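Examining the three-dimensional arrangement
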Amino acid sequence: MNSDEAAYAALFAKIERERGFQGNLYRQKCLRRRVAVRMRARGVATPAAYAALLDADPAEYDRLLRVLTINVSKFFRNPETWAVIKEQVLPDLLRRQEPLVMWSAGSAAGEEAYSLAILVWEWLSAHGRDGWDGVRIVGTDIDDPSLEAARAATYSELALSETPPALRRRWFTAGDQFRLKETIRRGVEFQQLDILGTRPGFHADLILCRNLLIYLDRAAQRRVFGTFADVLRSGGYLVLGRVETLAAEVRPVFHVVDARERVYRKR
Ligand SMILES: C[S@@+](CC[C@H](N)C(=O)[O-])C[C@H]1O[C@@H](n2cnc3c(N)ncnc32)[C@H](O)[C@@H]1O
């Protein structure tokens, strides 16, 4: 480890002690670039000087954590993945007529969990099933401001740019912003959870985890895949989307459902 790496490692260890965010388990290049943004904004030149600034001004932790947890998302982001969820994954799960738990891990401001909820509600209604009929949808994220935004469920037009127009009309009330309708909001709960920390207090039949693992180093990714393999029930689905890759160690646990969209079913 050179002195620069050591200085960042010390900074991330400090952030973990103070705020629980385990920066040393993320890909360092990307994370350091993000710290540098805050260092520039505060006019400090070294990680050590930035650590001293965090002591002097603890409110800076919040600004830093907002930058470190990358919260960009959209409803129905990557429509091809949603097509597989809609046409293959949900019909198989919902026809089982059992209580189901669906988990959006790294749910940002709720866009992914609510997109799922819209498809679930529409499938259930189209098949004459009342209410949520035993389906529980949980969004979890490490970032509290994102969870607050998820509960508020009010979005900019940009967040809906990949949403089919009919769904946009049906499920959002347009004003200055787009407010998600109560029916869908009621179907999703949000919890604070560090995917690298304790396991969730539920087993799941579907896990969506997209655009999160790419930020973690290999060892941390393996840890998260271990969690997913344990949390998923047999026959449950794991949806990673196009940018994530399933770790070799857990491949034997899964059948491939769609190689391109990285959709897997637990054996
Ligand atoms: C780029 S967003 C992805 C949102 C959504 N899954 C999507 O694909 O559009 C990544 C999310 O992962 C969250 N995140 C980062 N590290 C996390 C961790 N250790 N535990 C839980 N969530 C984390 C961030 O706060 C952020 O909201």
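Residues numbered from 1 in each chain as written. Predicted model: local features only at pLDDT ≥ 70, side-chain atom pairs only at ≥ 80, totals over all residues. Heavy atoms only, no water.

1. Looking at the sheet that holds strand β4 (residues 172-174)
In spatial order, the strands read β3-β5-β4; together these three strands make up an open sheet with antiparallel pairing. Single-partner strands in this sheet number two, and they are β3 (154-155) and β4. Looking at chain direction, β3 and strand β5 (residues 178-180) are connected through two bridges and run antiparallel. Paired with tyrosine 155 across the bridge in β5 is phenylalanine 178. (Pairing = 2+ DSSP bridges. Helix = DSSP H or I, 4+ residues; strand = E, 2+ residues; numbered from the N terminus.)

2. Focus on the domain arrangement of the protein chain
Taken domain by domain, the protein chain holds domain 1 (3-68) and domain 2 (79-266). A separation of 30 Å is found between the C-alpha centroids of domain 1 and domain 2. Taken together, the contact pairs nine residues of domain 1 with 14 residues of domain 2. Taken together, the two surfaces of domain 1 and domain 2 that pack against each other cover about 970 Å², and 49% of this comes from carbon and sulfur. Summed over the three residues of domain 1 that lose the most area to domain 2, namely Leu25, Tyr26 and Arg27, the buried surface amounts to 56% of that side. Linking domain 1 with domain 2 are one salt bridge, by the criterion used here. Across the salt bridge formed by arginine 66 and aspartate 143, the nearest N and O atoms sit 2.5 Å from each other. For the interface between domain 1 and domain 2, the tally reads seven residue pairs in polar contact (both at pLDDT 80 or more). Classifying every residue of the side of domain 1 that touches domain 2 by side-chain character gives four nonpolar, three polar and two charged. (Domains from an automatic or database assignment. Contact = heavy atoms within 4.5 Å. Buried area = accessible area lost by both parts, 1.4 Å probe. Salt bridge = Lys/Arg side-chain N within 4 Å of Asp/Glu carboxyl O. Polar contact = N/O pair within 3.5 Å; in protein donor to acceptor, adjacent residues only side chain to side chain. Nonpolar A, V, L, I, M, F, W, Y, C, P; charged D, E, K, R; others polar.)

3. Focus on the pattern of salt bridges
Pairing between side chains of opposite charge can happen when the charged atoms of each approach one another. One pass over the structure, following the stated rule, counts 20 salt bridges. Taking the shortest distance from any N to any O, the salt bridge between glutamate 60 and arginine 42 comes out at 3.0 Å. A residue pair is termed long-range when its members are at least 10 positions apart, and glutamate 60 in helix α4 (residues 59-68) and arginine 42 in helix α2 (residues 28-42) qualify at 18 residues. For glutamate 60, a relative accessible area of 0% translates into the label buried. The exposure class of arginine 42 is partly exposed, given its relative accessible area of 30%. Here arginine 170 makes a salt bridge to glutamate 122, at a shortest N to O gap of 2.8 Å. Taken together, the residues span a long stretch of sequence, with arginine 170 in helix α8 (residues 165-171) and glutamate 122 in helix α6 (residues 111-126) at a distance of 48 residues. Taken together, the shared-partner salt bridges in this structure form one network comprising Arg38, Arg42, Asp57, Glu60 and Arg63. (Buried < 20%, exposed > 50% of the residue type's maximum accessible area, 1.4 Å probe, protein only.)

4. Topic: the packing of aromatic side chains
Under the counting rule described, the total for this entry stands at 11 aromatic pairs. Considering the side-chain rings of tyrosine 114 and phenylalanine 190, the 5.3 Å spacing of their centres and the 70 degrees angle between planes classify their relative orientation as edge-to-face. Of this pair, tyrosine 114 sits in helix α6 while phenylalanine 190 is found in strand β6 (residues 188-192), placing the two residues 76 residues apart along the sequence. When sorted by exposure, tyrosine 114 lands in the same class as phenylalanine 190, which is buried. Every member of this aromatic cluster is reached through a ring pair, and the members are Trp103, Phe202, Phe225 and Phe228. Seen from the ring of phenylalanine 178, arginine 168 lies directly overhead, with NZ or CZ sitting 5.6 Å from the centre. (Phe/Tyr/Trp six-rings, centres within 6.5 Å; stacked < 30°, edge-to-face > 60°. Lys NZ or Arg CZ within 6 Å of the ring centre and 35° of its normal.)

5. Concerning the site of the ligand
If you check the shell around the ligand, you find 20 residues, and the closest are Tyr26, Ser73, Arg77, Asp141 and Asn211. The separation between a nitrogen atom of the ligand and a polar side-chain atom of tyrosine 26 is 2.6 Å. Glutamate 112 is positioned with one of its side-chain polar atoms (N or O) 3.3 Å from a nitrogen atom of the ligand. Taken together, the residues of the shell around the ligand sort by class into nine nonpolar, five polar and six charged. (Near = heavy atom within 4 Å.)

6. With respect to the side chain of serine 73
With respect to the secondary-structure elements, serine 73 resides in the loop between α4 and α5 (79-94). Owing to a relative accessible area of 18%, serine 73 belongs among the buried residues under this scheme. Every residue in contact with serine 73, bar those within four places of it in the chain, is listed here: Ala108 and Glu111.

7. Things to note about the side chain of glutamate 112
On the secondary structure map, glutamate 112 appears in helix α6. Apart from residues lying up to four places away in sequence, glutamate 112 is in contact with Trp82, Ser104, Ala105, Gly106, Leu208 and Arg210.

8. Remarks on the packing of α2 against α4
Contact pair α2 / α4: the axes reach a minimum separation of 9 Å and the direction vectors enclose 140 degrees. When the interaxial angle is binned, α2 and α4 end up oblique. Crossing geometry of α2 relative to α4 is assigned as right-handed. On α4, the residues that touch Leu31, Arg34, Val35, Arg38 and Arg42 of α2 are Glu60, Arg63, Leu64, Val67 and Leu68. For the contact of α2 with α4, the per-class residue count stands at five nonpolar, no polar and five charged. (Axes fitted to C-alpha atoms, helices over the stretch in contact; angles between N-to-C directions. Parallel < 35°, antiparallel > 145°, perpendicular 65-115°, else oblique. Left-handed = near helix turned anticlockwise from the far one by under 90°.)

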